Amino acid sequence: TQELHIVGGGMAGSEAAWQAANRGISVVIHEMRPKVETFAHKTGDLGEMVCSNSFRSDDHEQNAVGLLHWEMREAGGLIITTAHQHRLPAGGALAVDRDAFSAAITARLHAHPNVRVSHEEVTELPDDGYWIFATGPLTSAALGQAIQRETGTDRLAFFDAIAPIVYFDSIDMSKAWLQSRYDKGETEEEQRAYINCPMDKAQYDAFIDALLAADKTEFHEGETAGYFDGCLPIEVMSERGRETLRHGPMKPVGLTNPHAPDVKPWAVVQLRRDNALGTLYNIVGFQTKMKYGAQADVFRTIPGLENASFARLGGIHRNTFLNSPTLLDDQMRLRSKPNIRFAGQVTGVEGYVESSAMGLLSGRMAAAEMTGASLPTVPQDSAHGALIYHITGGAEAKTFQPMNVNFGLFRPVDGLKGGRRGRKDRYKAYTDRAKDAWSDWLAAQEPIQSAAE
Ligand code: FAD
C-alpha cells in the first residue's frame, strides 16, 4: 500500500498526519529536529510552539480566528482538541501550557497505529509517491534550495515584508480618492487598484516625527541571517533622511486630489487593493517593525485613515513562503509536480492556527486522492475556505505576502450595514454562514475508516 510522506512535524504537519491517518492512510512524518535545529525551536517534539503560547481568540461568533478553532474542533482537529486539553486561563484567548501541549501532540501521533515518525531532514522534492511539505517559516536551507530549483528563485521568499492591511469600508473616501499614478491602467477595474491619502507639509512632518519616535520590535537572535537591504522598514527609510519617503513610496506625483484639485499634496500615502473581493487594501511600501499599538496610532494620523480598521498590521520576519497563487492549485498541489502538496505557513498563511488549518485541509485532500474518495470543494464561505481561496486564487500574486485569517477575506453578506456600526451583526452573519457551510462540507465526506480519536 502507498504511504503518505509528511515533511515537517510542526503545526501543519502534525495536523495533516492526524487527518490522513484517521482516514486509514499510512503516514510517515519526516521531522529534522532534533538532529537539525532551527534558531527558534528548542526541542525535538512535534507541534512545538516557537514563540507565544496562545492560539489567539476562541470567540467563534465575532472573531475569524475563533471561527477557525470552531471549524477545526468540528473536524476532530488534533491541534485544537489538544490545545483545549492543556488550556491555561487567558480570558477569551486559547492559551496553553506549551510543554504539555507539544508532549501530548507527540504522544498522540506516536500512539496512532497508522503513523510512523522518522527524525531526518528531507532535502529534495521527490518525483514519486504522495508528499506533503509542511516545513514552515524556517524550512531548512537545503530544502529551500531544492524548492527554488523547482519553482524559480523569485517564487520562494525567505523574509516577509508585510505592509499593514486596511478594511476598505473603514477608509474615509471623503478625504481619500481612487486613482492609479499617472492614470495607468486601462480598465475601470485597474483604475480602482489604488487609494490615495494626501498630506500637507505639517502632516508629513508630524508623521515622520511619529515614525521616528515609535516603539519598534527587534529581530530575534539568529533571525537576520540572509537578510538583505531590499525591503527596508519605513522607519529605517525615514531615519536615512526625512525626505526619503516623500521621494519613495509617498511621492506625490502623477496624482490629482479630486477633493482639492488646485492644492498639490506634499506627500501621498497609497493603498493597493489586496484581494479580488476589493475588501482589503495594503499600504504600499509600509513594511515596518513598529510595535502593533504604535502602528495603529501612527497610521491613523494619515488623512482618510483616522478610523481605519486593520485586517493585519505590518511586520518583517524570517519566513520561508511560496508564491502560492502562481504555484499551487486549489488542492494545494504544486502545479509543476502534483504528487507534492504544501501545507502550513510555507503556503503563505501566518500563525499557528492558520497553519494547522491548512494542514487539516491538506491531510484530508491527500487522503481522498489516495483512497479515491470524493472530497467536495472546500466551501469559500467557511474560514478554511476563505483562507485557501485567498492563497491559491484570490490574492494578488505580484505582491503576495503571508496572511492571517480575517473577515476581509470573506464574501460580503448582502443587505447588512457597512462600517464600524454594522460590524457586530456582520461578523455574526459571517460566522453563522461559515458554520453552516463547514458542517455541510464535513457531512458530505465519507465516514472515517480507522479512528483513533
Ligand atoms: P512549523 O511549526 O515551524 O513546523 C515546520 C517543521 O518542519 C519544523 O518542526 C521543522 O523542524 C521542520 N522542518 C523544516 N525543514 C525540514 C526539512 N527539510 N526536513 C524535515 N523537517 C523539516 N505564530 C503564532 O501564531 N504566534 C507566534 O507568537 C509566533 N511567533 C513566531 C516566532 C518566530 C521566531 C517564528 C519563526 C515564527 C512564529 N510564528 C508564530 C509563526 C509560527 O511559527 C507558525 O505559524 C507555525 O509554527 C507554522 O506551522 P508550520 O507547521 O507551517 O511550521
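Residues numbered from 1 in each chain as written. Predicted model: local features only at pLDDT ≥ 70, side-chain atom pairs only at ≥ 80, totals over all residues. Heavy atoms only, no water.

1. Topic: the side chain of serine 238
Reasoning step 1: With respect to the element layout, serine 238 can be found in helix α8 (residues 234-239).
Reasoning step 2: Residues within four places of serine 238 in sequence aside, it is in contact with Ile208, Leu211, Leu212 and Leu245. (Helix = DSSP H or I, 4+ residues; strand = E, 2+ residues; numbered from the N terminus. Contact = heavy atoms within 4.5 Å.)

2. Concerning the site of the ligand
Reasoning step 1: Ala12, Glu31, Arg33, Gln345 and Gly351 are the nearest of the 31 residues found near the ligand.
Reasoning step 2: Between the ligand and glutamate 31, the relevant distance is 2.6 Å, taken from an oxygen atom to a side-chain nitrogen or oxygen of the residue.
Reasoning step 3: For the ligand, the accessible surface in isolation is 980 Å², of which the surrounding protein chains cover 92%.
Reasoning step 4: Going through the elements one at a time, α1 (11-21) and α12 (352-371) are the ones with two or more residues in the shell around the ligand. (Near = heavy atom within 4 Å. Polar contact = N/O pair within 3.5 Å; in protein donor to acceptor, adjacent residues only side chain to side chain. Areas by Shrake-Rupley, 256 points an atom, 1.4 Å probe, with all protein chains shown as cover.)

3. A word on the sheet that holds strand β7 (residues 130-133)
Reasoning step 1: With mixed pairing, six strands are arranged side by side in an open sheet as β6-β2-β1-β7-β17-β16. This sheet does not close on itself; its edge strands, each paired only once, are β6 (115-118) and β16 (333-334).
Reasoning step 2: In the sheet, strand β1 (residues 3-7) pairs with strand β2 (residues 26-30) via five bridges, with the strands oriented parallel. Pairing of leucine 4 across the sheet is with valine 27, part of β2. (Pairing = 2+ DSSP bridges.)

4. Some thoughts on the packing of aromatic side chains
Reasoning step 1: As enumerated under the stated definition, the model contains 15 aromatic pairs in all.
Reasoning step 2: Ring geometry for phenylalanine 133 against phenylalanine 342: centres 5.8 Å apart, planes inclined by 40 degrees, an arrangement best described as tilted. Residue phenylalanine 133 is located in strand β7, and its partner phenylalanine 342 is located in strand β17 (residues 337-342); the two are separated by 209 residues in the primary sequence. Across the pair, phenylalanine 342 and phenylalanine 133 agree in class, each one buried.
Reasoning step 3: Against the face of tryptophan 266 rests arginine 246, its NZ or CZ located 3.8 Å from the ring centre.
Reasoning step 4: Residue placement shows arginine 318 over the ring face of phenylalanine 159; its charged tip is 5.9 Å from the ring centre. (Phe/Tyr/Trp six-rings, centres within 6.5 Å; stacked < 30°, edge-to-face > 60°. Buried < 20%, exposed > 50% of the residue type's maximum accessible area, 1.4 Å probe, protein only. Lys NZ or Arg CZ within 6 Å of the ring centre and 35° of its normal.)

5. A few points about the pattern of salt bridges
Reasoning step 1: Applying the stated criterion across every chain yields a total of 22 salt bridges.
Reasoning step 2: With its nearest N and O atoms 3.5 Å apart, the salt bridge here joins glutamate 124 to arginine 149. Taken together, the residues span a long stretch of sequence, with glutamate 124 in the loop between β6 and β7 and arginine 149 in helix α5 (residues 141-151) at a distance of 25 residues.
Reasoning step 3: Taking relative accessible area as the criterion, glutamate 124 reaches 45% and is therefore assigned partly exposed.
Reasoning step 4: Looking at arginine 149, the relative accessible area reads 57%, which means it is exposed.
Reasoning step 5: In this structure, glutamate 350 and arginine 312 form a salt bridge, with 3.8 Å as the shortest nitrogen-oxygen distance. Of the two residues, glutamate 350 is situated in the loop between β17 and α12 and arginine 312 in strand β14 (residues 310-312); the sequence distance between them amounts to 38 residues.
Reasoning step 6: Judged by relative accessible area, which is 4%, arginine 312 ranks as buried.
Reasoning step 7: The network of salt bridges with shared partners includes Lys201, Asp205, Asp209 and Arg242. (Salt bridge = Lys/Arg side-chain N within 4 Å of Asp/Glu carboxyl O.)

6. Focus: the nonpolar core
Reasoning step 1: Of all hydrophobic cores here, the largest spans 74 residues; its most connected members are Val27 and Phe55.
Reasoning step 2: Apart from the residues within four sequence positions on either side, valine 27 is in contact with Leu4, Ile6, Ala17, Ala20, Ala21, Asn114, Val115 and Arg116.
Reasoning step 3: Membership of the second largest hydrophobic core comes to 32 residues, among which are Tyr204, Met237, Ala296 and Phe310. (Core = buried A, V, L, I, M, F, W, Y, C linked by side-chain atoms within 4.5 Å.)

7. Considerations on empty space enclosed by the protein
Reasoning step 1: For the coordinates displayed, the defined rule picks out three cavities of 30 Å³ or more.
Reasoning step 2: Size it by volume and the largest cavity reaches roughly 150 Å³.
Reasoning step 3: Arg23, Ala368, Thr371, Ala373 and Glu446 are, among the 12 residues lining the largest cavity, the residues nearest its centre.
Reasoning step 4: Grouping the constituent residues of the lining of the largest cavity by class yields five nonpolar, four polar and three charged.
Reasoning step 5: Of the pockets and cavities examined, the second largest cavity occupies roughly 50 Å³.
Reasoning step 6: Around the second largest cavity sit Asn275, Ala276, Leu277, Ala386, Tyr389, His390, Gly394, Ala395 and Leu409, which together line it.
Reasoning step 7: Considered class by class, the residues forming the lining of the second largest cavity number six nonpolar, three polar and no charged. (1 Å grid on protein atoms, 1.4 Å probe; cavity = no way out; pocket = protein on both sides within 12 Å on 5 of 7 lines; lining within 4 Å. Points joined across faces, edges and corners; volume = space filled by probe spheres on them. Nonpolar A, V, L, I, M, F, W, Y, C, P; charged D, E, K, R; others polar.)

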